[in-house]
Amino acid sequence: MAVSVVVPVTERCDALDQIYCVHADILRSLVPSFEFIFVLDEGFEKAAQPLHGLVDKGEPIRIVPLQRHFGEATVLMVGFQEARADVIITLSAYFQTLPEGLHTVMSYLNKGYDLVVTRRYPRQDPWINRLQNRVFHFAMRLLTGVQFYDMSCSLRGIRKHVVREVNLYGDLHRFLPLLAYQRGFRVVERDVAQHPADLHSRMLRPGVYLRRILDIISVVFLFKFTKKPLRFFGLVGAGLFSGGLIISLVLAIQKLFGLTGLTDRPLLILGVLLMVLGVQTASVGLLGEMIVFTHARKMKDYTIKDLLKAKP
């Protein structure tokens, strides 16, 4: 098997048989063999009915229905586990990019890249979608120092050793390029044409945006401080302790010079509280450093490209 195509069906979908047919026609001209794996979240069994006829005709399709709703990250991991090829392509269950984008993905995989991310360009969807996309990626570039333009695009080419090393859970599937880059894999982003059908306005509930902000915080912490927790907690703790110390010193100086008393001064309680919180926060960082030190030999945040050695 040369290529496994994983299609997570979890939020919305178009006609899945059409998704298969148009992309399979392109793949037949690119690789000698391929398979499609449609992983169905709960409630999408009826949408997969047209695929059954293709399976009966001998088309290389596998359908994996899940017992209940698990979300896209879990659906993708199931698809990766079911994939039999060393090269995996992910597609959305709706028309997001033109099928010809497969040429771009395969060409850069053939150049030796481990992960090929695609960017819908030029964007044709409503301005609110483009604005959300720009704000999201600006925040990620500001916090991580790594520039991507469209991590939400589902068309990707992945080598299987990448998904073995990078664990996806929660909603971290959106940050797969960042997590792969952190582990030292060769990641590239290339432009593909956006499909004319991908023009829906995507305004989400306020709770979803709050979860996205929390996901960003989680990824930034994983990206920068996985092996250096004291740098994060120590910095926060030092800021809290310093703020409390300054407040307490100002009040103590005022007391020494007889400018004011310390009774009925809520600021004194605030200053002491901030110092205590600062010490506790830094202590969490120290505990994290001890845990990292204990398990450092088992933690690997690098990948080896090639191992050259003399022939026996």
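Scroll up to find the structure this text is about.
Residues numbered from 1 in each chain as written. Predicted model: local features only at pLDDT ≥ 70, side-chain atom pairs only at ≥ 80, totals over all residues. Heavy atoms only, no water.

Participant: I keep staring at a nonpolar patch on the surface and nothing clicks. Help me out?
Facilitator: A grouping of Leu 210, Ile 213, Leu 214 and Ile 217 is seen on the molecular surface, where their side chains present a nonpolar patch of about 390 Å² in accessible area. Residue placement: Leu 214 occurs in helix 8 (residues 206-225). (Patch = residues over 30% accessible without salt bridge, like charges linked within 9 Å, V, L, I, M, F, W, Y side chains within 5 Å. Areas by Shrake-Rupley, 256 points an atom, 1.4 Å probe, with all protein chains shown as cover. Salt bridge = Lys/Arg side-chain N within 4 Å of Asp/Glu carboxyl O. Helix = DSSP H or I, 4+ residues; strand = E, 2+ residues; numbered from the N terminus.)

Participant: How should I be thinking about the packing of helix 1 (residues 16-28) against helix 2 (residues 49-56) in this particular structure?
Facilitator: How two helices pack is summed up by the angle between their axes together with the distance between the axes. The contact between helix 1 and helix 2 brings their axes to 7 Å, and the two run at 45°. As summarised for this structure, helix 1 and helix 2 are arranged oblique, according to the angle between their axes. Of the residues in helix 2, those in contact with Leu 16, Asp 17, Tyr 20 and Cys 21 of helix 1 are Pro 50, Leu 51 and Leu 54. In the contact of helix 1 with helix 2, the residues fall into six nonpolar, no polar and one charged. (Axes fitted to C-alpha atoms, helices over the stretch in contact; angles between N-to-C directions. Parallel < 35°, antiparallel > 145°, perpendicular 65-115°, else oblique. Contact = heavy atoms within 4.5 Å. Nonpolar A, V, L, I, M, F, W, Y, C, P; charged D, E, K, R; others polar.)

Participant: Please clarify how the environment of Glu 165 should be interpreted in this entry.
Facilitator: Structurally, the position occupied by Glu 165 is in helix 6 (residues 160-165). A sequence separation of 105 residues divides Glu 165 from Leu 270, and the C-alpha atoms of the two residues are 45 Å apart.

Participant: Honestly, the sheet that holds strand 4 (residues 87-90) in this entry has me stumped. Any pointers?
Facilitator: Whenever strands of a sheet pair, they do so through backbone hydrogen bonds, lying parallel or antiparallel. Judged by pairing direction, the sheet is mixed, and its seven strands sit side by side in the order 3-2-1-4-6-5-7 without closing on themselves. One side of each edge strand has no neighbouring strand; the edge strands of this open sheet are strand 3 (61-65) and strand 7 (187-192). Taken pair by pair, the neighbouring strands of this sheet meet at an average axis angle of 20°, ignoring direction. The sheet contact formed by strand 5 (residues 115-120) and strand 6 (residues 156-159) spans three bridges and is antiparallel. Within strand 6, the residue paired with Val 116 across the bridge is Gly 157. Taken strand by strand, helix 1 contacts strand 1 (3-9), strand 2 (34-40), strand 3 and strand 4, and its axis lies near 155° from that of strand 2. (Pairing = 2+ DSSP bridges.)

Participant: How do you make sense of empty space enclosed by the protein when you look at a structure like this?
Facilitator: On inspection of all chains with the given rule, the structure shows one cavity of 30 Å³ or more. A volume near 60 Å³ is recorded for the largest cavity. If you trace the largest cavity, you find it lined by His 23, Leu 91, Ser 92, Tyr 94, Phe 95, Gln 96, Thr 97, Ser 154 and Leu 155. (1 Å grid on protein atoms, 1.4 Å probe; cavity = no way out; pocket = protein on both sides within 12 Å on 5 of 7 lines; lining within 4 Å. Points joined across faces, edges and corners; volume = space filled by probe spheres on them.)

Participant: Looking at this structure, how should I read the nonpolar core?
Facilitator: Buried together is how nonpolar side chains tend to be arranged in soluble globular proteins. Within the largest apolar cluster, 37 residues are counted, with the highest numbers of intra-cluster contacts made by Phe 80, Met 140, Leu 168, Phe 175 and Leu 178. Elements represented by at least two residues in this core include exactly strand 2, helix 3 (72-82), strand 5, helix 5 (127-144), helix 6, helix 7 (176-182) and helix 8. Top element by residues in this core is helix 3. It accounts for six residues. Not counting residues up to four positions away in its chain, the partners in contact with Phe 175 are Phe 136, Met 140, Met 151, Asp 215, Ile 216 and Val 219. Grouped together as the second largest cluster of nonpolar side chains are 34 residues, Val 3, Phe 36, Ala 48 and Val 192 included. (Core = buried A, V, L, I, M, F, W, Y, C linked by side-chain atoms within 4.5 Å. Buried < 20%, exposed > 50% of the residue type's maximum accessible area, 1.4 Å probe, protein only.)

Participant: Just to check I follow, could you spell out the pairing of strand 1 for this structure?
Facilitator: Each regular strand carries side chains that alternate between the two faces of the sheet. Taking burial as the measure, the seven residues of strand 1 include seven buried ones, the bulk of the element. Here strand 1 shows a buried face lined by Val 3, Val 5, Val 7 and Val 9 and a second buried face lined by Ser 4, Val 6 and Pro 8. Note that strand 1 and strand 2 share seven bridges and pair parallel. Bridge pairing in strand 2 links Pro 8 to Val 39. Note that the unit made of strand 1, helix 1 and strand 2 has a crossover that is right-handed. (Right-handed = clockwise from strand over helix to strand, strands pointing away.)

Participant: Looking at this structure, I do not really get the pairing of strand 5. What am I missing?
Facilitator: Here strand 5 lies mainly inside the structure; five of its six residues are buried. Looking at chain direction, strand 5 and strand 7 are connected through six bridges and run parallel. By the bridge assignment for strand 7, Leu 115 is matched with Val 187.

Participant: Can you walk me through the pattern of salt bridges in this structure?
Facilitator: A side chain of one charge can pair with a side chain of the opposite charge when the charged atoms of the two come close. Considering all chains together, one arrives at twelve salt bridges under this definition. Two residues, Arg 28 and Glu 59, come together in a salt bridge whose shortest N-O distance is 3.1 Å. Here Arg 28 is found in helix 1, whereas its partner Glu 59 is found in the loop between helix 2 and strand 3, with 31 residues between them in sequence. Note on Arg 28: relative accessible area 43%, which makes it partly exposed. Note that Asp 125 and Arg 123 form a salt bridge whose closest N and O atoms lie 2.7 Å from each other. Arg 123 gets classed as buried once you look at its relative accessible area, which sits at 18%.

Participant: Which parts of the structure should I look at to understand helix 4 (residues 101-110)?
Facilitator: Given 3.6 residues per helical turn, the α-helix brings residues three or four places apart onto the same face. Listed in full, the buried residues belonging to helix 4 are Gly 101, Leu 102, Val 105, Met 106, Tyr 108 and Leu 109. Projected down its long axis, helix 4 shows its buried positions confined to an angular sector of 165°, all on one face. Elements in contact with the buried residues of helix 4: strand 1, helix 1, strand 4, strand 5, strand 6 and strand 7. Backbone geometry just downstream of helix 4 places Gly 112 in the positive-phi region, at approximately 105°. (Arc of directions from axis to C-beta.)

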